[in-house]
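Letter by letter, the chains look like this.
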There are 2 protein chains.
Amino acid sequence: MSMKTDDLILLGHGSGGTLSHRLLDELIVATLSGRGPNEQNDAALLAAGSTRLAFTTDGYVVDPPLFPGGTIGSLAVHGTVNDLAMMGARPLWLSCALIIEEGFSRSRLAEILTDMRQAADSAQVRIVTGDTKVVPRGKADQIFITTSGVGVLEHDLSIHGANARPGDRVILSGSMGDHGIAVMAAREGLPAAGLCSDSAALWGLVEQMLACAGSGVRVLRDPTRGGVATTLKEIAQQSGVMIQLDEQQVPVASQVQAVCDILGLDPFYVANEGKLLAVVSPEVAEPLLAAMQQHPLGAQAAIIGTVEDGEPGRVRMRTTVGGMRIVEMLAGEQLPRIC
Amino acid sequence: MSMKTDDLILLGHGSGGTLSHRLLDELIVATLSGRGPNEQNDAALLAAGSTRLAFTTDGYVVDPPLFPGGTIGSLAVHGTVNDLAMMGARPLWLSCALIIEEGFSRSRLAEILTDMRQAADSAQVRIVTGDTKVVPRGKADQIFITTSGVGVLEHDLSIHGANARPGDRVILSGSMGDHGIAVMAAREGLPAAGLCSDSAALWGLVEQMLACAGSGVRVLRDPTRGGVATTLKEIAQQSGVMIQLDEQQVPVASQVQAVCDILGLDPFYVANEGKLLAVVSPEVAEPLLAAMQQHPLGAQAAIIGTVEDGEPGRVRMRTTVGGMRIVEMLAGEQLPRIC
């Protein structure tokens, strides 16, 4: 049976970048829910009686499943907790579906599950339901974990990607690219001195931000696959605004930048798993930044740009050398199986 | 690196039978939630404000992903809807996490997703959130789908596996083994005349059962992996009762029985995806059976046994030839990747 190349799913369709967006918009989300591209957020909002819930899911296929700073288990907890937190929801309950390759080490599984439980306990969420499948050797790669999460909105704030307005400030909670570079170094056996995933649960930071700035917090997003650049481009498109960045203000760890320089990677496109981007109203920006810097996960937080009334969907960046650069979404696939 | 055999995860650990139970009890559930073997149900019950929710997840790795009577897409909807229904919860919202092998056909993906959406529409649930990962060729087998579901309990009934009492009747909603045998025939290229998965959403049937029998419905379970035998053994153990079956009363389609006879399979251990087992109080059993038989998914429902005050956890069966047989859980793996 011959098959046309354009009928095939490519690695880039899972990148979080342009190809992912097209596949989601044209096929997956269009078929499953009928929702449009500008209505896609990190989690769904649901009404259960008078309670507002957030509901989200993520599959984790990270290679290797154990890496500096975490495992696929803690990563799966953090990622799902963060998707709920980005809707302003307090994460409460997680599910855990394991797909394990026959022959996987039981003691390694125990290590991953213990790490998962510790991450859940630290984030004050409970893993309340689960499922385990085993597939024959060679039919999966070691272990895949899909976590879903349910959280509760304890306020009536409206925090979503279409909410950015001209004049708003863009805050990044810390340095870029730590997760992606740490995983890649572990996979490739590169010397990893100083490299460590930033994988962390962000609800504690978000809770402080909401207490400080309330409705001044307009958009929250965690820049995972596709990195800071892709996430900002999504926000600019969803909100129909222009975002202007100042590269000099964007924190990058020197060892991450060094690996990126050697390999020709751009940290703006590398995945983070313990960072958030916030678009906030101008009057709350400075006090909120100060509050964030008091939190361990926001110590390096910085205002990295502003929302402007320019071309809708455009992201521009003043570079460190003073030039102006157009920022696009990740095209193709930079680092597969990073989460 | 050498590794002891008993450190390895085996196919049987995903069977739903004895090995699965041991892995769950000793490692997975013990580590992730700390809950004991008798507290495990198809879904978790949660309180969100004054609303009682059910929350569940299942990973689907069925091979092949398209089979007579369904696809991995509709199966993933039905399975998760049914796990909620077995708690007496009205299924409302689903998540869908896809793990796709690079090179998978986009048109086949479209077929699966369309089937998934139709199943969701028929079951009156909405797919509200999702995630898509793509892994390199050879690192997964075509497509895996993990669905999670949230439902609402609209009553204060207590329906769970530890609820069976001596004197109760055991009802099976229809014939055994259709799903497992249809998938196996499709996988092995066996002549499949008349073989069709029973994959279906059971909430409509459950809703009618609750309206008819209310608190007379004590336990609901869908006998998926491990089949009717394993599920009844679980109920007997959780409730600390004995269950006595009458093989003559248990419906099996003749073509399913024929394939089982040829291959040496026991339909009591073959997976179903559109059937339920109910343990009900004796006074509601007959009217409830009549009500179930009015529903398309319960047309062949039958009272197949009784709960007795015998050895706790024991399941016995009077065979068609008049003998008495002890029914145990599935040991090892009979049909891998059946769901």
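Residues numbered from 1 in each chain as written. Chains lettered and ligands numbered in written order. Predicted model: local features only at pLDDT ≥ 70, side-chain atom pairs only at ≥ 80, totals over all residues. Heavy atoms only, no water.

Chemist: Got a sec to walk through the pairing of strand E8 (residues 169–172) of chain B? Specific residues and values, please.
Modeler: Residues and elements named next belong to chain B. Sheet topology note: the E8/strand E11 (residues 277–280) ladder contains 4 bridges and is antiparallel. Note on E11: the bridge partner recorded for Ile171 is Ala278. Two strands pair when backbone bridges link them, and E8 and strand E12 (residues 302–308) are joined in this way by 4 bridges, in the antiparallel orientation. From the neighbouring strand, Arg169 faces E12, where its bridge partner is Thr306. (Pairing = 2+ DSSP bridges. Helix = DSSP H or I, 4+ residues; strand = E, 2+ residues; numbered from the N terminus.)

Chemist: Any chance you could break down the side chain of His13(A) for me, citing the residues and the numbers?
Modeler: Its location among the elements puts His13(A) in the segment before helix H1 (18–32). The exposure class of His13(A) is buried, given its relative accessible area of 8%. Of the polar contacts made by the side chain of His13(A), one reaches the backbone nitrogen of Leu10(A); its length is 2.8 Å. Residues contacting His13(A), with those up to four places away along its chain left out, are Leu8(A), Leu19(A), Ser20(A), Leu23(A), Arg106(B) and Val134(B). (Buried < 20%, exposed > 50% of the residue type's maximum accessible area, 1.4 Å probe, protein only. Polar contact = N/O pair within 3.5 Å; in protein donor to acceptor, adjacent residues only side chain to side chain. Contact = heavy atoms within 4.5 Å.)

Chemist: Pulling in residues and values, what's your account of the relation of the copies chain B and chain A?
Modeler: Aligned on chain A, chain B shows an RMSD of 0.0 Å; the corresponding rotation is 180 degrees and the shift along the axis is 0.0 Å. Such a combination of turn and shift is consistent with a two-fold rotation axis. Relative to the rotation axis, the C-alpha of Ala140(B) is the closest in chain B, positioned 2.0 Å from it. By residue overlap, the copies meet face to face through one surface: 100% of the interface positions of chain B are interface positions in chain A. (Least-squares fit on C-alpha atoms with pLDDT ≥ 70 in both.)

Chemist: I'd love a proper account of the sheet that holds E8(B), names of residues and values included.
Modeler: All names here are of chain B. Pairing in this open sheet of 7 strands is mixed, and the strands run E9-E11-E8-E12-E10-E13-E14 from one edge to the other. One side of each edge strand has no neighbouring strand; the edge strands of this open sheet are strand E9 (217–221) and strand E14 (324–327). Each neighbouring strand pair of the sheet contributes to a mean axis angle of 25 degrees, computed without reference to strand direction. Bridge count for E9 against E11 is 4 bridges, and the pairing is antiparallel. Across the sheet, the residue bridging to Arg221 is Leu277, located in E11. This element, helix H6 (residues 227–239), spans E8, E9, strand E10 (242–246), E11, E12, strand E13 (315–318) and E14 of the sheet and lies at about 140 degrees to E9. Along the sheet, helix H8 (residues 282–294) contacts E8, E9, E11 and E12; its crossing angle with E8, the most-contacted strand, is approximately 10 degrees. (Axes fitted to C-alpha atoms, helices over the stretch in contact; angles between N-to-C directions.)

Chemist: Can you tell me about the pattern of salt bridges, naming the residues and giving the values?
Modeler: Residue and element names in this part refer to chain A. Considering all chains together, one arrives at 36 salt bridges over all chains under this definition. As a salt-bridge pair, Asp266 and Arg325 come within 2.8 Å of each other at their nearest N and O atoms. Of this pair, Asp266 sits in the loop between helix H7 (254–263) and strand E11 (277–280) while Arg325 sits in strand E14 (residues 324–326); the two residues are 59 residues apart in sequence, bridging distant segments of the chain. Across the salt bridge formed by Arg314 and Glu328, the nearest N and O atoms sit 3.9 Å from each other. Of this pair, Arg314 sits in the loop between strand E12 (302–308) and strand E13 (315–318) while Glu328 sits in the segment after E14, placing them 14 residues apart in sequence. Residue classification places Arg314 among the partly exposed residues on the basis of a relative accessible area of 21%. Look at Glu328 and you get partly exposed, because its relative accessible area is 37%. (Salt bridge = Lys/Arg side-chain N within 4 Å of Asp/Glu carboxyl O.)

Chemist: Now, about the interface of chain B and chain A: what can you tell me, with residues and values included?
Modeler: Interfaces are often sized by the accessible area lost when the parts come together. Contact with chain B, which involves 77 residues of that partner, is made by 77 residues of chain A. When chain B packs against chain A, close to 6,600 Å² is buried across both sides, 65% of that on carbon and sulfur atoms. Between chain B and chain A we count 6 salt bridges in total. One salt bridge connects Glu26(B) with Arg106(A), and the closest N-O pair in it is separated by 3.2 Å. For the pair chain B and chain A, the number of links is 31 residue pairs in polar contact (both at pLDDT 80 or more). For the side of chain B that touches chain A, the secondary-structure elements that each account for two or more residues are helix H1 (18–32), strand E1 (44–48), strand E2 (51–60), strand E5 (90–101), helix H3 (106–122), strand E6 (126–135) and strand E7 (143–153) of chain B. (Buried area = accessible area lost by both parts, 1.4 Å probe.)

Chemist: Break down the packing of aromatic side chains for me, citing the residues and quoting the values.
Modeler: Applying the stated criterion across every chain, the model contains 2 aromatic pairs over all chains. Both rings, one in Phe55(A) and one in Phe55(B), keep their centres 6.3 Å apart while their planes meet at 85 degrees; by these two values the pair is edge-to-face. Within this pair, whereas Phe55(A) is found in strand E2 (residues 51–60), its partner Phe55(B) is found in strand E2, the two belonging to separate chains. On the basis of relative accessible area, Phe55(A) is assigned to the buried category, the value being 0%. On the basis of an interplanar angle of 50 degrees and a centroid distance of 6.3 Å, the ring pair of Phe144(A) and Phe144(B) is categorised as tilted. (Phe/Tyr/Trp six-rings, centres within 6.5 Å; stacked < 30°, edge-to-face > 60°.)

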